[in-house]
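The residues making up each chain are set out below.
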There are 2 protein chains.
Amino acid sequence: VRVGIGDDAAVLSEGAGDSETLVTTDLLVEGVHFNLEWASPYQVGWKAAAASVSDIAAMGGRPTAAVVSIGVRPRAREYFVKSLYEGIAAACERYGVVVAGGDTVRSDKAVVNIAMLGRVMKNRAILRKGAVPGDIILVTDTCGDSAAGLEILKTFPKTEITTPFMKRLVARHLVPEPSLAAALAASASLGPTAMMDLSDGLAADLPRLASRSGVGAVVFEEKIPTSPDLRAWARRTNAPFASLAVRGGEDFNLLITASASKIDEMERNIESAGARSTRIGEIVSRERGITLVSSSGENLSWPNASFLHF
Amino acid sequence: VRVGIGDDAAVLSEGAGDSETLVTTDLLVEGVHFNLEWASPYQVGWKAAAASVSDIAAMGGRPTAAVVSIGVRPRAREYFVKSLYEGIAAACERYGVVVAGGDTVRSDKAVVNIAMLGRVMKNRAILRKGAVPGDIILVTDTCGDSAAGLEILKTFPKTEITTPFMKRLVARHLVPEPSLAAALAASASLGPTAMMDLSDGLAADLPRLASRSGVGAVVFEEKIPTSPDLRAWARRTNAPFASLAVRGGEDFNLLITASASKIDEMERNIESAGARSTRIGEIVSRERGITLVSSSGENLSWPNASFLHF
C-alpha cells in the first residue's frame, strides 16, 4: 500500500506492472446520506456509484470495477434492489465501470456500500499531498449547485419543482456527474501537484488538502465559479450565493493545485476534454493559514464547514 | 471480468500480468449478522475480516488488501469503532492483508462492510463451477462447530459457559479461522475441480456448487468430519450431531471436489500445510440429484438449508 486511509482512494502497488490499483469504499445509510422521500432508489444508486467514480477520478485514475453491498428491508426488497442496481449499473456503464459482484442482505434501514477499483499509471496517482506555495488553485465546473438543489428539495414539495433552473439544480443534487474526463485530462498534462474531489464542499475540503500538503491558501470569493442556475436561486431567496458556493457539498467537481509552469497546458487539456476549470486562488505557506478574500478585498475568516449531506 | 456475481469472489483480468485480481464484498448488519450482546466489537471485526479472507481463499487466491466501511451510532462511536478496527486489523495481519482504507459514517444500527482484494495466478482461480461426475467430494477441518457455538450462546448466559469444550465451540463461532493455508495447498496441487467455503453450511452450499457445475452428488453422513467438541455437545443435549454438521454454517472450512487422479497429491499437500481434509462423497450426474446416505445405508432426502446466521 503506497497511500492508505485519508486520501480519496488507496493506492496499491502490486507486482511488476506499469500500473497501480486504486480502491475506495463508500457506505451510504438511509436517513443519513439519502432520503427516499426525495430520491428514487435509482437516483440513490446512481449517486452512490458517481461518488465512487469521483473518488477514483480525483486520484487521476480510471475506474474499472465495482462490488456492491445492499442492505434492505425484506418487504421492500424486490423493487428497491432492482431500481437501486439499475441506477448503479447506469452510472457504472456511463463511466466504463464493470459491476463485478455484490452482496444483498437484510437490514431495517436501507444501506448501500460501493467498493470501487481503478487503475493509474505507476507513481502517477495525484494525492491531496503535494501542493507547494506558489501553486495556483483551480476548481472544475461550478460550485454550490448540489447544495442549492438540496435546499429546493427541502423547501418545496416535488410537484412544485417545475421551473427549469430549479429542476436542473435538483438534478445536480440527485444524479450528479463526476468529473472523470476533466480529471483524466488534468492528469495527462502532469500539471496537478495535488487534487481531490469536492464532496463536502470547498469550506471543508480545501483545509484537508492544505493540511495534507502542509501549506496555506488564499481564495478569492468572487472567482469561485457559480452557475446561472445557482445565481437565479440565490436571487429568488435573497441568499448570498457565494455562501452556497463555498460551503455546499456533493458537487463532485475537482479541486486542483497546479504549478505555474504547467498550468496553461493543463487548462487547455481540460478544455479539450469538454470541461472547464477556473483559477480561484493560490497556495501560500502554512504559516499564512487559509484565507477567503471578499470581493471588496477584505480578508474573511475561512467559513465553517457545516455542509450536511442528505 | 472473467467471473462475476455468484462465486465466492469476482475475478478481474487486467493488463498483461501473470496474475488476476480477486474482489469480494460482505455487508454485516447488527441484529442480522451479529449480536453485540454475545460478540464484542473486536470479535465482530475479526469475524467479518475472516469471512472475507475465506472468500478469497475459496477461489484459490491469496488476500492482499481490504477497505472497510463502518456505520455506527454517534454515541457508541469511539469505543465501538476502535475495537471493531482492532479485530479487523488483527485478522488482516494474521492472514497477510493490508487494511488500505475506510469510511466511517453515522448509522442507527451498526453495519460493517469489508471489500477485500486478492491475487491468483492467471486462469488458476478455482470456481464453484468445474466439478464433474466421478470427482471426489472433500471438506477440510470439521463441520458444525460454529453452529454448536451459536446454540451454546443462545442457551447459556456467558458467565455459565465455562466448560472447555463449550468455550472452544463458542470461539469457533465468534473468532473463526478461515482455511487459507488449506486452500493454497489444495490449489497448488492443481487437484480441485471446484471449491467454495462453507459459510452457510453443507446443506445450503453443496447444492450451490452442484448447480453451478451442473452435477449431482452423493454424500455419506457418517463421513462428515466432526470434532470431539461437537460430539460432546451433542451428547449433552441429546441432539443428533450429524444434523449440526450438515446444516450448521459459518465454519469457513472448504468444500472441494477433486479428480481421482490428483486427489492423493492434493491430500498430501493439505496435510503438509498443517490442515486436514476428509472425503465425504462423490459427484454424480445431475439427473441423480443430491443425496445424503445415512449410516445404515439409507438414502435420505437432502436436508433443508435452514441455518440462520447471527
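One can find the structure itself at the top, above this paragraph.
Everything quoted here is computed from the prediction, not taken from an experiment.

The rules behind each value
Residues numbered from 1 in each chain as written. Chains lettered and ligands numbered in written order. Predicted model: local features only at pLDDT ≥ 70, side-chain atom pairs only at ≥ 80, totals over all residues. Heavy atoms only, no water. Helix = DSSP H or I, 4+ residues; strand = E, 2+ residues; numbered from the N terminus. Rg over C-alpha atoms; globule rule 2.2 N^0.38 Å. Buried < 20%, exposed > 50% of the residue type's maximum accessible area, 1.4 Å probe, protein only. Contact = heavy atoms within 4.5 Å. Areas by Shrake-Rupley, 256 points an atom, 1.4 Å probe, with all protein chains shown as cover. Lys, Arg positive; Asp, Glu negative; His and termini not counted. Charge placed at Lys NZ, Arg CZ, Asp CG, Glu CD. Salt bridge = Lys/Arg side-chain N within 4 Å of Asp/Glu carboxyl O. Buried area = accessible area lost by both parts, 1.4 Å probe. Polar contact = N/O pair within 3.5 Å; in protein donor to acceptor, adjacent residues only side chain to side chain. Nonpolar A, V, L, I, M, F, W, Y, C, P; charged D, E, K, R; others polar. Pairing = 2+ DSSP bridges.

Counting secondary structure elements, chain A contains 9 helices and 12 strands. For 310 residues, the compact-globule estimate of 2.2 N^0.38 gives 19 Å, and the C-alpha radius of gyration of chain A, at 19 Å, lies within 12% of that figure. Referenced to the eigenvectors of the C-alpha coordinate spread, the extents of chain A come out at roughly 60 × 55 × 35 Å. Looking at chain A as a whole, 59% of its 310 residues qualify as buried. Counting contacts in chain A only where the partners sit at least 6 residues apart, residues at least 24 apart contribute 83% of the total. In the structure as shown, chain A presents an accessible area of about 12,500 Å², 50% of it carried by carbon and sulfur atoms. Counting 33 positive and 35 negative side-chain charges, chain A places the averaged centre of each group 1 Å from the other.

Here we come to the environment of B:Glu298. Residue and element names in this part refer to chain B. As for its placement among the helices and strands, Glu298 is situated in the loop between β11 (290–293) and β12 (299–301). Accessibility expressed as a relative area gives 48% for Glu298, which makes it partly exposed. With 78 residues separating them along the chain, Glu298 and Phe220 place their C-alpha atoms 9.8 Å apart.

Another point: the pattern of salt bridges. Between side chains of opposite charge, a pair can form when the charged atoms approach closely. With the rule as written, the count across this model stands at 29 salt bridges over all chains. Measuring nitrogen to oxygen at the nearest pair gives 2.7 Å for the salt bridge that ties B:Lys109 to A:Asp108. Within this pair, whereas B:Lys109 is found in the loop between β4 (98–106) and β5 (111–121), its partner A:Asp108 is found in the loop between β4 (98–106) and β5 (111–121), the two belonging to separate chains. A residue is classified by how much of its surface remains accessible, and B:Lys109, at 34% relative accessible area, is partly exposed. The shortest N-O distance in the salt bridge between B:Arg279 and B:Glu267 comes to 2.7 Å. One end of the pair, B:Arg279, is in strand β10 (residues 277–285); the other, B:Glu267, is in helix α9 (residues 263–272), with 12 residues separating them in the sequence. According to the relative accessible area criterion, B:Arg279 is partly exposed, its value standing at 36%.

Here the focus is the interface of chain B and chain A. Facing 37 residues of chain B, the contacting portion of chain A comprises 37 residues. For the pair chain B and chain A, the two sides together bury roughly 2,800 Å², of which 67% comes from carbon and sulfur. Where chain B touches chain A, the interface holds 2 salt bridges. Linking chain B with chain A are 8 residue pairs in polar contact (both at pLDDT 80 or more). A class-by-class count of the residues in the side of chain B that touches chain A yields 19 nonpolar, 11 polar and 7 charged.

Before going further, it helps to spend a moment on the pairing of strand β11 (residues 290–293) of chain A. Each regular strand displays side chains that alternate between the two surfaces of the sheet. All names here are of chain A. Of the strand pairs in this sheet, strand β8 (residues 215–220) and β11 are connected by 4 bridges, and their pairing is parallel. Across the sheet, the residue bridging to Phe220 is Val293, located in β11. As paired strands, β11 and strand β12 (residues 299–301) are joined by 3 bridges and run antiparallel to one another. What sits directly across from Thr291, in β12, is Ser301.

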